[in-house]
Amino acid sequence: MINKKRMLGMAMATLTVVGSLSAGVLACTNIIVGKSASVDGSVMTSWTDDSGSDNFKMKIVPAQDWEPGSMRTVLRNTDYDDYYQLAGAAPEYSPGEIPQVEHTYAYLDASYSFMNENGVMIAESTIGGRAGMSNRAGWFDIVELQRIALERATTARECVQIMGALAEEYGFGIGGESLQVIDGNEAWSFEIWGPGALWEPGTGEPGAIWVAQRMPDNQIGVYANRARIAEIDADDADNFMLSTGFFDLAIENGWWDPNSGEEFIVRDIYGTKSYSPYNARREWRVLSWLAPSLELDPYQEKYPFSVVPDKKVSAQDIMAICRDHYEGTEFDLTKGLAAGPFGSPDRWGGNSSRDSKVSGSAGWERAISLHRTNFTTVSVARSGMPAAIGSLTWVGLAAPHATCFVPVYAGVTSLPESYNSGRRGSDYDVFSRESAWWAFNVVENYANVKYSYMIEDIKAMQNKYESEFFAMQPIIEETALNLYKQDPALAIDFITGYTNQCADRAVNAWWDLASFLFGKYNNGYTYGSLEDYAGGQDGYPKEWLDAVDFGVTCLTTPGNPGRSEEHTSELQSPGDLVCRLLLEK
């Protein structure tokens, strides 16, 4: 029987929930790879933190033992950048405390923390879902749920269980979210929503609706800001985990009738969302990139939860996808007038579908690599060796297409101070060479001036450093394993030193790259070195000149070019002469 009171409460909450989701849906793209689908037997996940408001700093929080009776403060809004915190736009606050565990593990803390010393790693993608499920009385946002789970989990499965249990007990207080959680053996997709508008803390009722599905070992999947889990088997504990009373909310509100004979489809019932290329196009791109033999339609509404890739997938493959703007497809963002004369793929926000002259448009194509990306992670978890060495995350600050991926091992005890420095804002001292993030961000921003040229210089630097880091990886890990046999602390010191060295080298190289680009591409000129002299203006591509009606107002004969009569005089006005001389230079 339908609970009408509950339905009414949810209807009243709809407008609030929709408003709270508006910023979150402008979020992230994640890829998940099972261990039998990868080239080296590793489990992988990637994440692009695509928020212009998130904090871009990161640090290592050390492991710690706690006295019996200790409490752990729960925090909200910790993902926001200092600019938003200091301005009061999204202040950090605490809804309360929960009992602390006896021991917490070391983890990498960031806007959304993503790795701990046990090799448990997480990627996040906001998915939204059915309006009316959110409940502001819930203590947890997804950021704090991740952080506490990493403090406590030793496996991916345990991480999911910890998050589910905390959310059920204390409530999940924001819109729909998904996490991809991995360790050296398993990959899980975790989707979670609030308990509905009428839930209250302390009632004993579950404060969250959640489900998790295990990625088949031989398959890959993708998340692009909408729910992906479809059919579920509540009796298959090896491959599915569900919250207490998972089906109840849907039954009470008439979203699903167990007697109807219709299968419960999670993405259609709790994760329901109108079709948009904003989500679907990225799903198509990832799945068709890794499994082109499927010949997926880029315009279809929904795609499989996971597919078998045509060939084994490497971390470098994932990095390449994270840097994608649909190059070589009909959706290529480096083509067309919107890309400017030099093929910039960036499409800034601020416009909506209402600004399009085409009815039913979703606006710009949404690339995987975005100018507003905080950082990108490609996490690799391998069994068969200590997690501190066998698991690592390749971290690239700022936009993926302009960054350098640096190896950060799960066991490191520190990161360079530059990785924990900086913020946004218009104060004179915000742009700082003390901040690693700004090194990569300034390169991406300046590349827009002459993207088709500068991206080749950027790629050369990426190849130089990333190729070296990958080439050194087996040597570094063999050395670390030998040290680990003698004394694990020696191995931890070694990989910490190596990670910090790689990070510092990449940051310094990108500051140098920024200076190089400023000098080489300046005032419309492209300069060479003293040894390889070059200096000239390259002009604009002919196709772009034609598209913008180049020269139509700057004729060498007098008269209004818009008049129908022919020009009869070859005399030139001073203005016409200036135009002609400029064109000849």
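Residues numbered from 1 in each chain as written. Predicted model: local features only at pLDDT ≥ 70, side-chain atom pairs only at ≥ 80, totals over all residues. Heavy atoms only, no water.

(A) Focus on the packing of aromatic side chains. All chains considered together, the criterion is met by 33 aromatic pairs. Among the aromatic residues, ring-to-ring pairing joins Trp193, Phe246, Phe247, Trp255, Trp256, Phe264 and Tyr270 into one connected group. Stacked on the ring of phenylalanine 331, the Lys or Arg arginine 281 has its end atom at 4.0 Å from the ring centre. A cation over an aromatic ring shows up here: arginine 347 above the ring of tryptophan 364, its NZ or CZ 5.5 Å from the ring centre. (Phe/Tyr/Trp six-rings, centres within 6.5 Å; stacked < 30°, edge-to-face > 60°. Lys NZ or Arg CZ within 6 Å of the ring centre and 35° of its normal.)

(B) Fine view of the sheet that holds strand E19 (residues 521-522). Taken together, the 3 strands give an open sheet; going across it, the order is E19-E20-E21, and neighbouring strands pair in antiparallel fashion. Two strands in the sheet have a free side with no partner beyond their single neighbour: E19 and strand E21 (535-537). Of the strand pairs in this sheet, E19 and strand E20 (residues 525-527) are connected by 2 bridges, and their pairing is antiparallel. Looking at E20, one finds that asparagine 522 is bridged to tyrosine 525. (Pairing = 2+ DSSP bridges. Helix = DSSP H or I, 4+ residues; strand = E, 2+ residues; numbered from the N terminus.)

(C) Here's a closer look at the sheet that holds strand E17 (residues 392-397). Strand order in the open sheet made by the 6 strands is E14-E1-E2-E16-E17-E18, with antiparallel pairing throughout. Edge positions in the open sheet fall to strand E14 (220-223) and strand E18 (406-409), since each of these has one partner strand only. Each strand of the sheet is rotated relative to its neighbour by a mean of 15°, with strand direction disregarded. (Axes fitted to C-alpha atoms, helices over the stretch in contact; angles between N-to-C directions.)

(D) The arrangement of a nonpolar patch on the surface in detail. A cluster of nonpolar side chains, contributed by Leu337, Val548 and Phe550, occupies part of the molecular surface with about 280 Å² of accessible area. Looking at valine 548, the relative accessible area reads 35%, which means it is partly exposed. (Patch = residues over 30% accessible without salt bridge, like charges linked within 9 Å, V, L, I, M, F, W, Y side chains within 5 Å. Areas by Shrake-Rupley, 256 points an atom, 1.4 Å probe, with all protein chains shown as cover. Salt bridge = Lys/Arg side-chain N within 4 Å of Asp/Glu carboxyl O. Buried < 20%, exposed > 50% of the residue type's maximum accessible area, 1.4 Å probe, protein only.)

(E) Geometry of the environment of alanine 447. As for its position among the elements, alanine 447 is in helix H10 (residues 436-447). Relative accessible area serves as the criterion here: at 1%, alanine 447 is assigned to the buried category. Between the C-alpha atom of alanine 447 and that of phenylalanine 518, which follows or precedes it by 71 residues, the distance is 9.5 Å. Non-local contacts of alanine 447, meaning those with residues more than four positions away in its chain, are made with Met454 and Ile458. (Contact = heavy atoms within 4.5 Å.)

(F) Layout of empty space enclosed by the protein. Following the criterion strictly, the structure yields 2 cavities of 30 Å³ or more and no others. For the second largest cavity, the calculated volume is near 30 Å³. Mapped onto the lining of the second largest cavity, the elements with two or more residues apiece are strand E8 (107-109) and strand E9 (115-116). Considered class by class, the residues forming the lining of the second largest cavity number 8 nonpolar, 1 polar and 1 charged. (1 Å grid on protein atoms, 1.4 Å probe; cavity = no way out; pocket = protein on both sides within 12 Å on 5 of 7 lines; lining within 4 Å. Points joined across faces, edges and corners; volume = space filled by probe spheres on them. Nonpolar A, V, L, I, M, F, W, Y, C, P; charged D, E, K, R; others polar.)

(G) Inspection of the packing of helix H3 (residues 142-152) against helix H4 (residues 156-170) at higher detail. Look at H3 against H4: their axes get within 9 Å of each other, and the N-to-C directions meet at 130°. The orientation of H3 relative to H4 falls into the category oblique. Pair H3 / H4 crosses with right-handed handedness. Contacts from Leu145, Gln146, Ile148, Ala149 and Arg152 of H3 reach H4 at Glu158, Cys159, Ile162, Met163, Leu166 and Ala167. Here the residues of the contact of H3 with H4 sort into 8 nonpolar, 1 polar and 2 charged. (Parallel < 35°, antiparallel > 145°, perpendicular 65-115°, else oblique. Left-handed = near helix turned anticlockwise from the far one by under 90°.)

(H) Geometry of the pairing of strand E12 (residues 187-193). For E12, a buried count of 7 out of 7 residues is recorded, marking the element as mostly surrounded by other parts of the structure. Covered by surrounding structure in E12 are Ala187, Ser189, Glu191 and Trp193 together with Trp188, Phe190 and Ile192, the residues of both alternating faces. As paired strands, strand E11 (residues 177-182) and E12 are joined by 6 bridges and run antiparallel to one another. Bridging across to E12, isoleucine 182 finds its partner in alanine 187.

(I) Structural detail: the nonpolar core. Among the nonpolar cores identified, the biggest contains 152 residues, and Met58, Phe140, Tyr270, Trp394 and Trp510 are the most heavily contacted of them. With 14 residues, the top contributor of residues to this core is helix H12 (residues 488-520). Ignoring sequence-local partners within four residues, the contact set of tryptophan 510 consists of Ala402, Thr403, Cys404, Ala439, Phe440, Val443, Ile458, Met461, Gln462 and Tyr465. (Core = buried A, V, L, I, M, F, W, Y, C linked by side-chain atoms within 4.5 Å.)

(J) Looking closely at the pairing of strand E1 (residues 30-33). Burial along E1 is two-sided: the face carrying Asn30 and Ile32 and the face carrying Ile31 and Val33 are both buried. In this structure, E1 lies alongside E14, joined through 4 bridges in antiparallel fashion. When the bridges of E14 are listed, asparagine 30 appears paired with tyrosine 223. The sheet contact formed by E1 and strand E2 (residues 43-49) spans 4 bridges and is antiparallel. Paired with asparagine 30 across the bridge in E2 is tryptophan 47.

Keep in mind these values describe shape, not function.
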